[in-house]
Amino acid sequence: MKIEHIHGRQVFDSRGNPTIEVNVLLDSGAKGRSIVPSGASTGIHEALELRDNDPNKFLGKSVYRAIDHVNNILRKELRGFNAFSQRKLDERMIEIDGTDNKCNLGANAILGVSIATAQAVANGLNIPLYNYLGGEGANVLPMPMIQMIGGGIHAGNVIEVQDFMIIPVGARTFSGAMEIAFNVYNSTRKIFQNRNLITAVSDEGGFWPQFRSNETALTFLTEAIENAGYIPFKDVSIALDIASSHFYADDVYNFSSEKKQMTAEQFIDVQESWINKYPIISLEDSCAEDDWEGWIQLSDRLGDKVQLIGDDLFTTSVDRIKKGFESKVANAVLIKMNQIGTLTETLDAIDITRKVGYRPVISARSGETEDTTLVHLCLATNSGQIKIGSMARSERLIKYNELLRIEEILGNKASFANPFK
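Notes on the structure follow. (Residues numbered from 1 in each chain as written. Predicted model: local features only at pLDDT ≥ 70, side-chain atom pairs only at ≥ 80, totals over all residues. Heavy atoms only, no water.)

## A short note on the pattern of salt bridges
The condition that has to hold: Throughout this description, the term salt bridge denotes a Lys or Arg side-chain nitrogen within 4 Å of a carboxyl oxygen of Asp or Glu. Only runs of H or I of at least four residues qualify as helices and only runs of E of at least two qualify as strands under DSSP, and these elements are numbered from the N terminus.
Taken as a whole, this structure holds 27 salt bridges when the rule is applied. Ionic pairing is found between Arg65 and Asp52, a salt bridge with its closest N-O pair at 3.8 Å. Of this pair, Arg65 sits in helix 1 (residues 64-78) while Asp52 sits in the loop between strand 3 (31-35) and helix 1, and the two are 13 residues apart along the sequence. In the salt-bridge network here, residues are joined through shared partners; they are Asp163, Asp241, Glu284 and Lys387.

## Here's the deal with unusual backbone geometry
As a reminder of what qualifies: Exposure categories follow from relative accessible area, calculated using a 1.4 Å probe and restricted to protein chains: below 20% of the type maximum is buried, above 50% is exposed, and the middle band is partly exposed.
Within the chain, Asp251 stands out as a residue other than glycine whose phi angle is a positive 65 degrees. Tracing the chain through its elements places Asp251 in the loop between strand 8 (248-249) and strand 9 (252-255). The backbone of Lys328 sits at a positive phi, close to 60 degrees, despite the residue not being glycine. The exposure class assigned to Lys328 is exposed, which follows from its relative accessible area of 67%.

## Here we look at the sheet that holds strand 10 (residues 260-262)
Sheet strands line up and pair through hydrogen bonds in the backbone, either parallel or antiparallel. What counts, and what does not: Any two strands are treated as partners once DSSP identifies two or more bridges connecting them. Throughout, a residue-residue contact means that at least one pair of heavy atoms, one from each residue, lies within 4.5 Å. Every angle, taken between N-to-C directions, lies between 0 and 180 degrees, and every axis is a line fitted to C-alpha atoms, over only the stretch in contact when it is a helix.
With antiparallel pairing, three strands are arranged side by side in an open sheet as 8-9-10. The open sheet is flanked by strand 8 and strand 10, the only strands paired with a single partner. Seen against the sheet, helix 7 (residues 264-277) touches strand 9 and strand 10 and runs at an angle of roughly 110 degrees to strand 10.

## Overview of the packing of aromatic side chains
Basically, it comes down to this: Aromatic rings from Phe, Tyr and Trp, with only the six-membered ring used for Trp, were paired whenever their centres fell within 6.5 Å, and each pair was classed as stacked if the ring planes differed by under 30 degrees, edge-to-face if by over 60, and tilted otherwise. Remark: a charge is flagged as sitting over a ring if the NZ atom of Lys or the CZ atom of Arg is within 6 Å of the ring centre and within 35 degrees of the ring normal.
Scanning all chains against the criterion turns up 16 aromatic pairs. Centroid distance Phe12 to Phe58: 5.9 Å. Interplanar angle 55 degrees. Geometry classified as tilted. Here the residue Phe12 occupies a position in strand 1 (residues 3-12), and Phe58 occupies one in the loop between strand 3 and helix 1, the gap between them amounting to 46 residues. On the basis of relative accessible area, Phe12 is assigned to the partly exposed category, the value being 44%. A residue is classified by how much of its surface remains accessible, and Phe58, at 39% relative accessible area, is partly exposed. Each residue in the set Phe247, Tyr248, Tyr253, Phe255, Phe267 and Trp274 is aromatic and connected to the rest through ring pairs, giving one cluster. Lying over the aromatic face of Phe420, Arg359 brings its terminal NZ or CZ to 5.1 Å of the ring centre.

## Some points on the packing of helix 1 against helix 2 (residues 86-97)
This is how the line gets drawn: To sort the angles, those under 35 degrees are grouped as roughly parallel, those over 145 as roughly antiparallel, those from 65 to 115 as roughly perpendicular, and the leftovers as oblique. Working rule for handedness: look at the near helix, and if it is turned counterclockwise from the far one by less than a right angle, call the crossing left-handed; if clockwise, right-handed.
For the pair helix 1 and helix 2, the least separation of the axes is 11 Å and the interaxial angle reads 135 degrees. The pairing of helix 1 with helix 2 is recorded here as oblique in orientation. Like other packed secondary-structure pairs, helix 1 and helix 2 cross with a definite hand, here right-handed. When helix 1 is examined against helix 2, the residues Ile73, Leu74, Glu77 and Leu78 are found in contact with a partner set consisting of Leu89, Arg92, Met93 and Ile96.

## Here we look at helix 8 (residues 292-302)
The criterion, for reference: As used here, the arc is the angular range of directions from the helix axis to the C-beta atoms.
Among the residues of helix 8, those classed as buried are Trp292, Gly294, Trp295, Leu298, Ser299 and Leu302. For helix 8, the arc enclosing every buried residue in end-on projection is 150 degrees, short of the 170-degree limit, so these residues lie on one face. Residues of helix 8 that are exposed and point more than 90 degrees away from the buried face comprise Glu293 and Asp300. Looking at the buried side of helix 8, the elements it contacts are helix 7, strand 11 (280-284), strand 12 (307-310) and helix 9 (318-326).

Pasting the structure below:
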């Protein structure tokens, strides 16, 4: 199967912003398509998402330059390339780009071609993408983290913490986990309604907060778990994405909504107090992306108590994950394909995450699409945890629905991951 044709076009993500879609046609007639997501909560060490920055076109957010690179550079350079050689394909695109952060061609252009090629090969073989990438052993349905309340830059910065999520630790199957999520989500809605709070949703589908305290959301969510008939910790636990890089500057963590400024040690004190009061088992980006001293303190104090995920800290980078392990910080890594820019680099990041004894958590972005590749990546690598968003918005539900289909297809071969038991 050799690459016959590549075509990129501008489409829209879940926020209505332009993004890039890529079609790949093989000489066998097999086709693949990908749509690249976009993050709002982006780390400074991520590969570059190339946008035009022309204020007269889509407020500067158009991606015509990235599309031009697909249609004029990559199309020409990759025509006739063996599509089975995914690693060589990705390495060739990195070589053509010639930069550390893919700023010449754009990580969005490169990733679009990378994923669409893998999709084309899987379609040509008439097998699911997760089997093409992971073989017959790809059979582990992941434990989901499901957003219930959105905050931070995904919800107008009303409060600082970005995601208040549940982990249905009492579930025995993926479909059972989704039933628990449905019940807690609607219980959360009822709490908002009973308090005459608007039930609008944030970028990832969680309810948009209208309170001025981060801890209030934890109180609401714990109440929602109990009102839905579940026992905190036993049936349902809480995960937080703190996204602290967005309110950190000059060695200070600033909760402006609460008029509270904290050192790293004081901020860790706050998070530890939350762990002691609420059924929290996972924290993400509890310290800022380059606050390594804060991360060391955090990991020393809380690393044995909860899952500590690095997102902006690691940016799906093998080198940064290695540095994290050597510095003895965190114990889990958030995996986002567009942070690094190719499929094989993403697989390498998952591999090194496992080798150093950390947990991989496959994640969507806040600006998502109808593409379901991340679901297949999670299955292919048996990663065991996935973070997609909430129980609303079709760009989220299409991924949950894909997992439900896969669960049904696998039948008795399916295993359900529960890293917290």
